[in-house]
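Commentary on secondary and tertiary structure
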Amino acid sequence: MPDCAGHAPWPPRGVAGRGSVGAKEHPELSTPAKDLRAWTTRDSVELYQLAAWGGESYAIDDRGDLLVQPMGPSGPRFSLPELVEDLRNRGIELPMLLRISDILEMRVKALAGTFANAIRETDYKGRYRPVFPIKVNQQRDVVEELVDFGRDHALGLEAGSKPELLVVLAHMNNPEGLVVCNGYKDVNYIETAMLAQKMGLYTIIVVDRFEELETVIEVSKRFDLRPHIGVRAKLASRGAGKWQESGGDKSKFGLTAGELIDVVERLREVDMLDCLELLHFHIGSQITAIRAIKDALKEATRIFAELHDLGAGLKFLDVGGGLAVDYDGSQTNFHSSANYSLQEYANDVVFAVQQACDEKSIAHPDIISESGRALTAHHAILVFDVLGVAQQQFGVPKGAEDYEEGTIANLVMTLRSVSQKNFQESYHDMLQLKEEAISLFNLGYLDLKGRAIAEALVWAICERIHQICQSLDYVPEELQGLERALADTYYCNFSVFQSAPDHWAVKQLFPTMPIHRLNERPTRRAILADLTCDSDGKVDKFIDLRDVKSVLEVHPITPGKPYYMGMFLVGAYQEILGDLHNLFGDTNAIHVSMDEQHGYRIERVIEGDSVTEVLSYVQYDKQELIRRVRGRLEQALRDGRVNMRESALLMRRYEEGLAAYTYLVDDDAVLAKDEDVVQQGVAAAVPAAAERVRGSSGI
Ligand SMILES: Cc1ncc(COP(=O)(O)O)c(C=O)c1O
């Protein structure tokens, strides 16, 4: 029974399979009286906040399909559900991660463009040089495309570890692009970075920990090379948002003021002070408040000027990452938003550096930003389908009228009398009667059938009260959880842990919505449950301009027809942080680019993990698994526990299962194949099995 303060314990839910809805809809829920006018695509644009988080990159056509249009309404566009159908017809299964190259390109242009504007307007003398930190998305295609799209903007790459350095060295083929080497460094890392400098790359080794300096000096002497050295400052300023611990006195990386002076002294001693070319800071990712950025800039530019005065040959100021993405479109300092625009960020950075340098008559350095999230988040969309729905049943349950007195009769009376005037009182009565019903059941005075009727009545009362709440300007606090408690559960074909781990780990919000039927009123309210058997494997927080929604407006699913949903802005961090919980592997990934003639062009399909691949990560060998199961089946055949047909079907299923995608495929298609499988399976598999059984000396 629902308890608004917490979870709903034993809700009477009907679970329906893919493409079917098990419970009948409550008429009032599907067409609230206050909202009888026809639903338009414009209502969907508003409901799902399309423009707020997607700018002009998305629109909805008259058929209710979501359109992708990276260059805005005047550029090429395509229907997202059509692309998904097209891919499915080619045998590419859901869930699928779509990477839209043109959105990536637009992001590079937008970032470089805003800095170009700021530089032009302030007459800044240095350049802006974006550097992509590949930790944010190391996928080869993404890195290659970014280097390509950033060729005219001197886009460089940042490595935060030794493996990342090896990728960066091979892929940085733009002579203008810098290679920034961050993270924990051993001799091997530093040697590799310096030799790459000899190879012709502009590698800057950023000293994150004071101990690294001696290795840098030693290796440079050994290789007879004047390295490009950077230092990361540990700022007192902190970021704002979930990752604010990356900054401040206790941050993991960075040198204190004292250590910075020691670096200068030591480099002077070895006559390498001119090699100290870059000052770097990073106060955390997704900095939601511009104030925190301004504070950090003030402090960092002061350090820059001081180091310059001490004789360092500084040429670059690297402002790190942190440029936030407005996931919920609210333009606030909420953790999934940002209270500033790209242009404001660029203006503030350029202005702060210029001001600090002009005050001391220092030449303007080139400005580097290591913006990762802001470059890649937008370009990736996860598309998945809904497999089934668990839906609340409302109304007076059968048998309730048979109780003439007592708790159940009182619940029926409460249900009948709920009104605008007494809904809160009815709620309190219901809570008391609910407790009574549980006590009676525990003491043996109410049977299981009676308890089921009591539960159903409790839900029905809650639903009536919720209907009334929907027309109120203010919903009493104790009733605010009703919407969540009454919501449907839509079971979806994806894993939160694999595809949106930050939603689980740090409550990051990602815009999520149906991608078709957007010309229909979404009459259901749902939370999205994933395929894992983990109770955390769900999406139950959704973007909202003023708040966080606990349910998402969705359409009732139509029997036999797919219902597609999209989760947007998942191109930063999610893929690489994703894990194999319940052995759900990488999803299929498809690179798509815009095409003037056909709307889209499928550039590349990267198949997701098969079950065999995922099992090999945890040391299971396919052949060994098959051998074991075959052995047990032979024994079962000998014992007469299975027949030949069943044995063949299981073996076929097992081998197919190992070769298959880790996510769910269409049940209907599988069932349709069953007869086929049995027939072929008996023909193909039984003779071999029968042979072995006949000569059964052992398996
Ligand atoms: C040193 C460094 N630079 C850049 C970034 C990228 O940050 P963002 O994705 O917020 O731009 C990070 C990530 O936290 C980082 O640690």
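All of these numbers come straight from a predicted model, not from anything done at the bench.

We now examine the overall build of the protein chain. Along the backbone of the protein chain there are 24 helices and 24 strands. Looking at the 699 residues of the protein chain, the share that counts as buried comes to 47%. Contacts in the protein chain between residues at least 24 apart in sequence constitute 76% of all its contacts with a sequence separation of at least 6.

Glancing now at the sheet that holds strand S6 (residues 128–133). As summarised here, the arrangement of the 8 strands in space is S6-S7-S8-S9-S10-S11-S12-S13, forming a closed barrel in which the pairing is parallel. Across the sheet, the axes of successive neighbouring strands diverge by a mean angle of 25°, strand direction being ignored. With 3 bridges connecting them, S6 and strand S7 (residues 156–159) associate as parallel partners. Note that in S7 the partner of Pro133 across the bridge is Glu158.

As a further point, take the sheet that holds strand S3 (residues 66–68). In space, the 3 strands of this open sheet follow the order S2-S3-S4, with antiparallel pairing throughout. Strand pairing shows two members of the sheet lacking a second neighbour, strand S2 (58–60) and strand S4 (78–79), which therefore form its edges. As paired strands, S2 and S3 are joined by 3 bridges and run antiparallel to one another. Counted as the bridge partner of Ala59 is Leu67 from S3.

Here the focus is helix H7 (residues 162–171). Restricting attention to buried positions, one finds in H7 the residues Glu164, Leu165 and Val168. All buried residues of H7 project into a common sector of 105° when viewed along the axis, lining one side. Residues of H7 that are exposed and angled more than 90 degrees away from the buried face: Pro163 and Ala170. On its buried face, H7 is in contact with S7, strand S8 (178–181) and helix H8 (187–199).

Turning our attention to the nonpolar core. Within the largest apolar cluster, 184 residues are counted, with the highest numbers of intra-cluster contacts made by Leu146, Val179, Val383, Leu457 and Cys492. Broken down by element, the residue count for this core peaks at 10 residues, all from helix H16 (residues 448–470). Those residues in contact with Cys492 that sit more than four places away from it in its chain are Phe384, Val386, Leu387, Leu528, Ala529, Asp530 and Met565.

Contact geometry of helix H5 (residues 101–122) with helix H12 (residues 342–359) gives a least axis separation of 8 Å together with a crossing angle of 45°. As far as their axial angle goes, H12 and H5 are oblique. Here H5 runs over H12; the crossing is right-handed. Contact residues: Ala110, Leu111, Thr114, Phe115, Asn117, Ala118, Ile119 and Thr122 in H5; Leu342, Gln343, Ala346, Asn347, Val350, Phe351 and Gln354 in H12. Residue classes in the contact of H5 with H12 are distributed as 9 nonpolar, 6 polar and no charged.

Turning to the pairing of strand S5 (residues 96–100), a few remarks are in order. Burial runs high along S5: 5 of the 5 residues are buried. Side chains of S5 alternate between two faces, with Met96, Leu98 and Ile100 and Leu97 and Arg99 buried alike. Here S5 runs beside strand S14 (residues 380–392); their pairing, made up of 4 bridges, is antiparallel. Bridging across to S14, Leu98 finds its partner in Ile381. The sheet contact formed by S5 and strand S23 (residues 588–595) spans 5 bridges and is parallel. Counted as the bridge partner of Ile100 is Val592 from S23.

Moving on, we come to the pairing of strand S15 (residues 488–492). In terms of burial, S15 is a largely internal element, 4 of the 5 residues being buried. Sheet topology places S14 next to S15; 4 bridges connect them, and they run antiparallel. When the sheet's bridge partners are listed, Gly388 is paired in S15 with Tyr491. Pairing geometry for S15 and strand S17 (residues 524–529), over 4 bridges, is parallel.

The next thing to look at is helix H10 (residues 257–269). An ideal rise of 1.5 Å per residue puts 18 Å on 13 residues; H10 measures up with 19 Å between its terminal C-alpha atoms. Residues of H10 that are buried: Leu260, Val263 and Leu267. Each buried residue of H10 lies within a common arc of 55° when the element is viewed along its axis, so the set occupies one face. Residues of H10 that are exposed and point more than 90 degrees away from the buried face comprise Gly258, Glu265 and Glu269. Tucked inside the fold, the buried residues of H10 contact strand S9 (202–207), helix H9 (212–222), strand S10 (228–232), strand S11 (276–280) and helix H11 (290–309). Asp271 occupies a position one or two residues after H10 and carries a positive phi of about 60°.

Following the sequence through the fold, Met651 ends up in helix H23 (residues 644–659). Separated by 25 residues in the primary sequence, Met651 and Ile626 place their C-alpha atoms 8.2 Å from one another.

Now for the environment of Val554. Note that Val554 resides in strand S21 (residues 552–554). Considered as a pair, Val554 and Thr523 are 31 residues apart in the sequence and their alpha carbons are 6.4 Å apart. When residues no more than four places from it in sequence are discounted, the contact partners of Val554 are Tyr490, Pro514, Pro522, Arg524 and Ala526.

A word on the confidence of the model for the protein chain. The predicted model of the protein chain averages 90 in pLDDT, with 88% of residues at 70 or higher. Predicted confidence for residues 3–33 stays below pLDDT 50, and this span has 61 contacts to residues more than four positions away or in other chains. Residue range residues 681–699 is modelled with pLDDT below 50. Its contacts to residues more than four positions away, or to other chains, number 22 contacts.

With that settled, consider the packing of helix H14 (residues 407–417) against H16. In the contact formed by H14 and H16, the axes pass within 9 Å of each other and the chain directions differ by 20°. With respect to each other, H14 and H16 are oriented roughly parallel. Handedness of the crossing formed by H14 with H16: left-handed. Contacts from Thr407, Ile408, Leu411, Val412, Thr414 and Leu415 in H14 reach Gly450, Ile453, Ala454, Leu457, Val458, Ala460, Ile461 and Arg464 in H16.

This part is about unusual backbone geometry. With an omega dihedral of -5°, the bond running from Leu94 to Pro95 counts as a cis peptide bond. With respect to the helices, strands and loops of the structure, Pro95 is situated in the loop between helix H4 (80–89) and S5. Non-glycine residue Lys507 carries a positive phi angle of around 60°. Although it is not a glycine, Leu569 adopts a positive phi angle of roughly 60°. Take Leu569: it is sitting in the loop between strand S22 (564–567) and helix H20 (574–577). Since 27 C-beta atoms lie within 10 Å of it, Leu569 is described here as buried.

This paragraph deals with the environment of Ala338. Considering the arrangement of structural elements, one finds Ala338 in the loop between strand S12 (316–318) and H12. Exposure remark for Ala338: the 30 C-beta atoms within 10 Å place this residue in the buried category. Residues in contact with Ala338, not counting those within four places in the same chain, are Thr288, Ala324, Val325 and Asp326.

Rules and cut-offs
- Residues numbered from 1 in each chain as written.
- Predicted model: local features only at pLDDT ≥ 70, side-chain atom pairs only at ≥ 80, totals over all residues.
- Helix = DSSP H or I, 4+ residues; strand = E, 2+ residues; numbered from the N terminus.
- Buried ≥ 20, exposed ≤ 12 C-beta atoms within 10 Å, placed from the backbone.
- Contact = placed C-beta atoms within 7 Å.
- Pairing = 2+ DSSP bridges.
- Axes fitted to C-alpha atoms, helices over the stretch in contact; angles between N-to-C directions.
- Arc of directions from axis to C-beta.
- Core = buried A, V, L, I, M, F, W, Y, C linked by C-beta atoms within 7 Å.
- Parallel < 35°, antiparallel > 145°, perpendicular 65-115°, else oblique.
- Left-handed = near helix turned anticlockwise from the far one by under 90°.
- Nonpolar A, V, L, I, M, F, W, Y, C, P; charged D, E, K, R; others polar.
- Expected span 1.5 Å × (residues − 1).
- pLDDT = per-residue confidence, 0-100.

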